[in-house]
Amino acid sequence: MFSLEKGYFITFEGIDGCGKSTQANNLVRSLKNKGYETVFTREPGATVIGKEVRKLALSNQFDPCLECEVLLFQADRAEHVSKVIRPNLEEGKIVVCDRYFDSTLAYQRYGRNVNVDFLVQAHDFSTRSLYPDLTFLFDLDLEVAFERIGDRRDRMENEDLEFFERVRQGFLEIAKAYPQRVKVIDGSKNIEEIFREVCLSTYDCLS
Ligand code: ADP
Ligand code: TYD
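A brief report on the enclosed structure follows. Everything numeric in this text was worked out from a predicted model, so none of it was measured.

1. Points about the site of ligand 2
Then comes step 1: Close to ligand 2 lie 16 residues, the nearest being Asp16, Lys20, Arg54, Thr104 and Gln108.
Then comes step 2: Lys20 is positioned with one of its side-chain polar atoms (N or O) 2.4 Å from an oxygen atom of ligand 2.
Then comes step 3: Side-chain polar atom of Arg54 to an oxygen atom of ligand 2: 2.9 Å apart, as the coordinates give it.
Then comes step 4: Its free accessible area being 550 Å², ligand 2 has 92% of it covered by the protein chains.
Then comes step 5: Of all the cavities here, the one that holds ligand 2 is the largest pocket.
Then comes step 6: Where the shell around ligand 2 is concerned, the elements lending two or more residues are helix 2 (48–58), helix 3 (66–90) and helix 4 (101–111).
Then comes step 7: The element contributing the most residues to the shell around ligand 2 is helix 4, with four residues.
Then comes step 8: Tallied by class, residues from the shell around ligand 2 come to five nonpolar, three polar and eight charged.

Structure representation (structure tokens):
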């Protein structure tokens, strides 16, 4: 339930190329048109420090070790929650975020086999335990997603198919574990049809 005191936190998740940014942008436009004060943001890279972290985490120039990769995403999120997400929620706004903690679970836990208890602890430390109210998970075949991404791939997108299959299944496990919060969307449907589903769920939760 949406409350002006607390704001409302919506996240968009899924493998690269699943179509979540397109839908997140469309939802933000719709919410603003209906008069909701709404902020669109994304991870990694929404703050001044985050933009630098994004380069370090995703550029093909660098090859961070696993521990460094985990901590880069945490550093980005700590700054993001502290400077952008929490202040806007405290002003009673709706915050729509392209990727958040479920990406850490899917890519670093399921994709890279990092200990889940550590990831939860690191998240709780980085964010003072901020979790989304509503999450859209876009599920899509890897072949279709890769076709959409094309040839210009960042460091994560250059991982192999087995990695992305673990990530995709990981997202589905998360959705199974949190059915109240996570709505699974079939990313192979057309943009308009998906948008109708996203709006239905969102306005249902806000009412
Ligand atoms: P993501 O943020 O998940 O990486 P984007 O929303 O940026 O994905 O979409 C990746 C590409 O796929 C873009 O070119 C976009 O126009 C296209 N696209 C997005 N949604 C769909 C869809 N439902 N069907 C076909 N193409 C789509
Ligand atoms: P980005 O270009 O933002 O991806 P997309 O356009 O598909 O949303 O790249 C973010 C990449 O970082 C993506 O491959 C997922 C990865 N990532 C993690 O591995 N862990 C995380 O905690 C986050 C937030 C992102």
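2. Thoughts on the packing of aromatic side chains
Aromatic ring pairs are defined here through the distance separating the ring centres and the angle between the ring planes.
Then comes step 1: One pass over the full model with this rule turns up 10 aromatic pairs.
Then comes step 2: Ring centres of Tyr107 and Phe164 lie 6.3 Å apart, and the angle between their planes is 85 degrees; this geometry places the pair in the edge-to-face category. With Tyr107 in helix 4 and Phe164 in helix 7 (residues 161–177), this residue pair connects regions lying 57 residues apart in the sequence. For the pair formed by Tyr107 and Phe164, the shared burial category is buried.
Then comes step 3: On the numbers, 6.1 Å between centres and 80 degrees between planes, the contact of Tyr107 with Phe171 is edge-to-face. Here Tyr107 is found in helix 4, whereas its partner Phe171 is found in helix 7, with 64 residues between them in sequence.

Rules behind the numbers
- Residues numbered from 1 in each chain as written.
- Chains lettered and ligands numbered in written order.
- Predicted model: local features only at pLDDT ≥ 70, side-chain atom pairs only at ≥ 80, totals over all residues.
- Heavy atoms only, no water.
- Near = heavy atom within 4 Å.
- Polar contact = N/O pair within 3.5 Å; in protein donor to acceptor, adjacent residues only side chain to side chain.
- Areas by Shrake-Rupley, 256 points an atom, 1.4 Å probe, with all protein chains shown as cover.
- 1 Å grid on protein atoms, 1.4 Å probe; cavity = no way out; pocket = protein on both sides within 12 Å on 5 of 7 lines; lining within 4 Å.
- Sits in = over half its atoms within 2 Å of the grid points.
- Helix = DSSP H or I, 4+ residues; strand = E, 2+ residues; numbered from the N terminus.
- Nonpolar A, V, L, I, M, F, W, Y, C, P; charged D, E, K, R; others polar.
- Phe/Tyr/Trp six-rings, centres within 6.5 Å; stacked < 30°, edge-to-face > 60°.
- Buried < 20%, exposed > 50% of the residue type's maximum accessible area, 1.4 Å probe, protein only.

Worth remembering: the numbers are spatial, not functional.
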